[in-house]
Structures are given as structure tokens and as C-alpha cells.
Amino acid sequence: MSGTPSTPASPPDGGDAAASKTFRTPIGTHDLAPPESGRWVALLGAFIAAADRAGFGYLQTPIFEDIGVFARIGEGTDVVGKEMYEFFDRSDRHLALRPECTASVCRAFAQHRPTTPWKVWYQGPFFRYEAPQAGRYRQFHQIGAETLGTDDPDADVEIIALAAEFFDAIGLQRVPLLVNSMGDADTRAAYGEALSSYLQRRAGDVDPQDRDKIERHPLRILDSKRPATAAVAEEAPRITDYLTAATAAHFERVREGLDALGISHEVEHKLVRGLDYYTRTTFEFRAASLDAAQDTICGGGRYNGLVEALGGPPTPGIGFALGIERLLLACDAEGVFDVPAQRAEVWVIDTAGGAAARDLTHELRSVGIRADRAFDDRSMRAQMRAADRSGAEIALIVGTDEIDAGTVTVRPLRRPDGGDAGISQQTVPRGEVLGALRRIFDELNAEGGT
């Protein structure tokens, strides 16, 4: 056989092999398309409104960063060691797709040195290579908020209240808030020693899959969902018993603030963070409507040292992140925040060539009216069916008679009570269409319509 490469066989139909392949989304990703995408837009709108009222501005960071930015979140963590999408670009720079946003926010703070307190919110896609499951994807989406530059416990209360207000705005009710305190470095040192000693005594009772954490990351034992390990964690020493006077006072102030704002909460002693820069307040909102293994829909806490590790000055911070996919699962489980109806207010029916529909829809949209039309010179009957399916309240009809007379027929399609009486069809001069529509909308609104 010669060394000449063989030519790939052509597909049976003689077409291009690549063109014949049906491509699908990669494992662990999903398309977001209407009408579900309208729900996401509405969700973001509710969060933006709450964040804006609280004085938080929008921060957008790159989807990829120098891998060193994310390495700071914990060299020994699964996120850094096993789950991060990393690559070298054409200039041999070692980069990573962002697995979370707190590190990026702190990098941005260190780079730009804004006035403090710096209050920002973010949203977007994040990436982790892990087994896909309900509410968890390899490309997932989060909303979050961070406040940097203040140690004031009232800032902790404010950011927790932001999340609580958002949940209330979208109708979620079964979302208990759990809080705890990580104390400070002295607290962690004393508690770490006590916890390690306890776990070593109980090592035989810990699930075999968790035993290696006893030496490497004892705090992560407390997060385990495995029944044997969870039983051991339930009897473990409590970090709040090791708080210094200053951190105990901080935690008490946070709890007093939550009570003052009417935000119910309970202390969860196993709620800790395994990374060195977490300090003082930690919190989670859990969805009681979801399975226990997937019930955390929002997690947050206070941290120190991360801005400094990324080249900035010593800067305290507190923030939270919530996963959109899992949050919407909780909404579904509670039967709240349905997909919003995407409907036109006016549907233009044109049986005279389409130019009138083109011009009328543009004119209506320019004054804020949601208007739509059919294409491809469809029949009157087909266009009426499309108008009915659209949910529009009014049809504007233009045929050859209307074109000749310079008029438009205005036909109300439905009444708020579902009846047929009341507002009737009328024919108006082309220049009076907007006025006629406003009068009809006013009558519909007066009767309880939209």
C-alpha cells in the first residue's frame, strides 16, 4: 500500500458527511428558547429591580480569566482540582472558564480600586465539569451580589435581605434561611483542632468515601449528604462555641438585624465553609419543596483575604450566588412564577399585499404597542386564526376596499369577561388608527382588561 492518504468514502447520498450530521447541545448544557426564555427575562427583571432599589450596580466580568484567579478559591477543592474547564490559548496563556464569580469580582476590585463600599450584582453562565443532574449543568447560570469594603454587620443583613426580597417578589415562600458564623482566624484554629480530634475518634463511623477528608479538609465532613457521615456531623463540636467576643457580637448583630426586618431564620451549626478566606457570617436559603440533596438555591457568606490574594489591599466582603436552573425548579415545585404570556396587543391582518401590515406594525411598535402580523401572503382565514392564537385583543384589518378608501377596520377580538357584547367593530380613517386603539384600550382597562 502506498503512503498516500486514502480519500474518505462519500456518504451514500453523495452529500457532505458533516452536513448530514444532526448536532445537539453538548452533555450538561441546554438551549434556552421561547417561551421559557421569557421566564428567565422576567426573573432577571425582578432581581434587577430589587438590586437597584438597594443601590447595587451591574458588574460584568469575562467568561474566562487567568487560571490563577480561580486557583485562589482553593487549591484542594474539587472545583479547582477536578471540575474547572481550563485551556491554553494561542499565545500559551493558561486560562479557565469561570466556575464561580466571587473571585472575578474580587479581581475586578483589585484591578479598578473603586470607592468603598462597592456594591455590585452579576449574572451569567458559569462552567464546571461534573455529572449533570436535576438543576445542575456543566454550563449553568447564576445571579449574585457582593458588597466589598466594609465589616459592618448591617451590610450582612442588607445582602441577606436582598435575596429574601427577591424570593418574595417571585412568589417563593418555602425557602427557610439558615445562618451561622465562621468566626475569625482564632476561632477557626481552635475549632479546627477540636473538630479534627472528634473526627479522628469517630473515623470508623464516617462513610468510607468521606474518610480522606478528615485529614485534608475536616470542615467538609460537615457538608456531606451521606447518612453515616451526616450522623457523625450532627454530634460534632459547634463552631459557635469557639467564637471570639468580637465575632460573637458581630453574629448577634446580624441576627438582631434579621429579626428587626422580619426575616425569619435559624442557626445551622453545620453550615461552614472549608476555605481559609471565609469568615464570620455564612448563610443559605434552602427550598423545602425540593429533594434534600438539591435543596440549596442560594448560598453566601463573608470573606477576607481574597482581594488581597488577587493583588489588592486587604478588603472584607460579603456576597451570595443563586443558581437560576435550580431556583426555577423550586418555583415549579411551589407552583409559582409561571412562564409569562408572550402575546401581541394588536394583530394586523393584510389581504392587500402586505405593505399595510409592514407599515402599521412598525408604527404601532414605535409608540409602545406590541404588534405583530402574518407573512407569506396568507389567506384571510389563516391570518384570523393566527390573530386568535396570538392572544391579541384587537385586529386591524386592511383589504383592497380599505386601501381604496384610505381606512382600516378595527375589530376587537375578545372581552375581559369572555362575552361578545360591548365594544364593536368599526372602520376608521388610516390617520385615526392610534386614537381608535387608545379609546378601545381605555374601555377594556375600565372593564378589567389589560
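Residues numbered from 1 in each chain as written. Predicted model: local features only at pLDDT ≥ 70, side-chain atom pairs only at ≥ 80, totals over all residues. Heavy atoms only, no water.

Visitor: Residue-level account of the environment of E402, with values.
Guide: As for its placement among the helices and strands, E402 is situated in helix α15 (residues 400–405). Among the polar contacts made by the side chain of E402, one reaches the main-chain amide nitrogen of G399 at a distance of 2.8 Å. A polar contact is formed between the side chain of E402 and the side chain of T409, at a distance of 2.8 Å. (Helix = DSSP H or I, 4+ residues; strand = E, 2+ residues; numbered from the N terminus. Polar contact = N/O pair within 3.5 Å; in protein donor to acceptor, adjacent residues only side chain to side chain.)

Visitor: Provide a residue-level description of the confidence of the model for the protein, including the pertinent values.
Guide: Confidence in the prediction for the protein averages 89 pLDDT; 91% of positions are at 70 or higher. With pLDDT under 50 throughout, residues 416–421 is counted as low confidence; its partners more than four residues away or in other chains account for 6 contacts. (pLDDT = per-residue confidence, 0-100. Contact = heavy atoms within 4.5 Å.)

Visitor: So, a positive patch on the surface: which residues are in play, and what are the values?
Guide: A contiguous patch of positive charge on the surface is contributed by R378, R381, R385 and R389. In this fold, R385 is placed in helix α14 (residues 380–390). (Patch = residues over 30% accessible without salt bridge, like charges linked within 9 Å, V, L, I, M, F, W, Y side chains within 5 Å. Areas by Shrake-Rupley, 256 points an atom, 1.4 Å probe, with all protein chains shown as cover. Salt bridge = Lys/Arg side-chain N within 4 Å of Asp/Glu carboxyl O. Lys, Arg positive; Asp, Glu negative; His and termini not counted. Charge placed at Lys NZ, Arg CZ, Asp CG, Glu CD.)

Visitor: Let's hear about the packing of helix α6 (residues 153–169) against helix α10 (residues 245–260): which residues, and what values?
Guide: With their axes 8 Å apart at the nearest point, α6 and α10 run at an angle of 40 degrees to one another. Between α6 and α10, the crossing angle belongs to the class labelled oblique. Considering how the two elements wind past one another, α6 and α10 form a crossing that is right-handed. On the side of α6, the interface is formed by P153, D154, D156, V157 and I160, while α10 contributes H250, R253, V254, G257 and L258. (Axes fitted to C-alpha atoms, helices over the stretch in contact; angles between N-to-C directions. Parallel < 35°, antiparallel > 145°, perpendicular 65-115°, else oblique. Left-handed = near helix turned anticlockwise from the far one by under 90°.)

Visitor: Summarise the layout of surface pockets; cite the residues concerned and give the values.
Guide: Its boundaries defined by the atoms lining it, the second largest pocket holds a volume of some 210 Å³. As for the second largest pocket, its lining consists of A164, F167, D168, L172, Q173, V175, P176, L177, G262, I263, S264 and F285. The biggest single contributor to the lining of the second largest pocket is α6, with 3 residues. Among the residues making up the lining of the second largest pocket, the classes are represented as 8 nonpolar, 3 polar and 1 charged. (1 Å grid on protein atoms, 1.4 Å probe; cavity = no way out; pocket = protein on both sides within 12 Å on 5 of 7 lines; lining within 4 Å. Points joined across faces, edges and corners; volume = space filled by probe spheres on them. Nonpolar A, V, L, I, M, F, W, Y, C, P; charged D, E, K, R; others polar.)

Visitor: Requested: an account of the nonpolar core, with residues and values cited.
Guide: By size, the foremost hydrophobic cluster in this structure holds 45 residues, and its most contacted members are F166, F167, L172, I297 and F320. The greatest single-element share of this core, amounting to 8 residues, is contributed by α6. (Core = buried A, V, L, I, M, F, W, Y, C linked by side-chain atoms within 4.5 Å. Buried < 20%, exposed > 50% of the residue type's maximum accessible area, 1.4 Å probe, protein only.)

Visitor: Could you give an account of the sheet that holds strand β2 (residues 64–66), naming the residues involved and the relevant values?
Guide: Taken together, 3 strands build an open sheet; the order of strands is β2-β4-β3 and the sheet is antiparallel. Here the strands that pair on one side only, and so sit at the sheet edges, are β2 and β3 (86–88). The sheet shows a mean angle of 35 degrees between the axes of neighbouring strands, direction not considered. Where β2 meets strand β4 (residues 94–97), 3 bridges bridge the pair, whose relative direction is antiparallel. Its bridge partner being in β4, D66 is matched across the sheet by L95. (Pairing = 2+ DSSP bridges.)

Visitor: Which residues make up the state of the cysteines, and what are the values?
Guide: This model, assessed by the stated rule, comprises 0 disulfides. Cysteine C101 shares no disulfide, and the gap to the nearest cysteine sulfur, in C106, comes to 9.6 Å. Take C298: it sits in no disulfide, and the sulfur closest to it among the cysteines is that of C331, at 13 Å. Classification of C298 by relative accessible area gives buried; the value is 1%. (Disulfide = S-S within 2.5 Å.)

Visitor: Break down empty space enclosed by the protein for me, citing the residues and quoting the values.
Guide: Summed over all chains, the structure comprises 1 cavity of 30 Å³ or more. Lining the largest cavity are Y58, L59, Q60, T61, R98, C101, Y122, Q123 and F126. In terms of residue count, strand β5 (residues 118–127) provides more of the lining of the largest cavity than any other element does, 3 residues in total. Taken together, the residues that form the lining of the largest cavity break down as 5 nonpolar, 3 polar and 1 charged.

Visitor: Summarise the pattern of salt bridges; cite the residues concerned and give the values.
Guide: This model, assessed by the stated rule, comprises 22 salt bridges. Among the ionic pairs, E36 bridges to R39, the shortest N-O distance being 3.6 Å. Within this pair, E36 and its partner R39 are both found in helix α2 (residues 36–53), separated by 3 residues, close to a single helical turn. Look at E36 and you get partly exposed, because its relative accessible area is 28%. By relative accessible area, R39 is classed as buried at 4%. Across the salt bridge formed by R430 and E363, the nearest N and O atoms sit 2.8 Å from each other. Of this pair, R430 sits in the loop between β16 (426–429) and α16 (433–446) while E363 sits in helix α13 (residues 355–366); the two residues are 67 residues apart in sequence, bridging distant segments of the chain.

Visitor: Before we move on, can you summarise the pairing of strand β7 (residues 177–181) with the specific residues and values?
Guide: With 5 of 5 residues buried, β7 lies mostly within the body of the structure. Both faces of β7 are covered, namely the face carrying L177, V179 and S181 and the face carrying L178 and N180. Summarising the sheet, β7 and strand β9 (residues 278–286) pair through 5 bridges and their orientation is antiparallel. Pairing of L177 across the sheet is with F285, part of β9. In this structure, β7 lies alongside strand β8 (residues 266–267), joined through 2 bridges in parallel fashion. Within β8, the position partnered with L178 by the bridge is E266.

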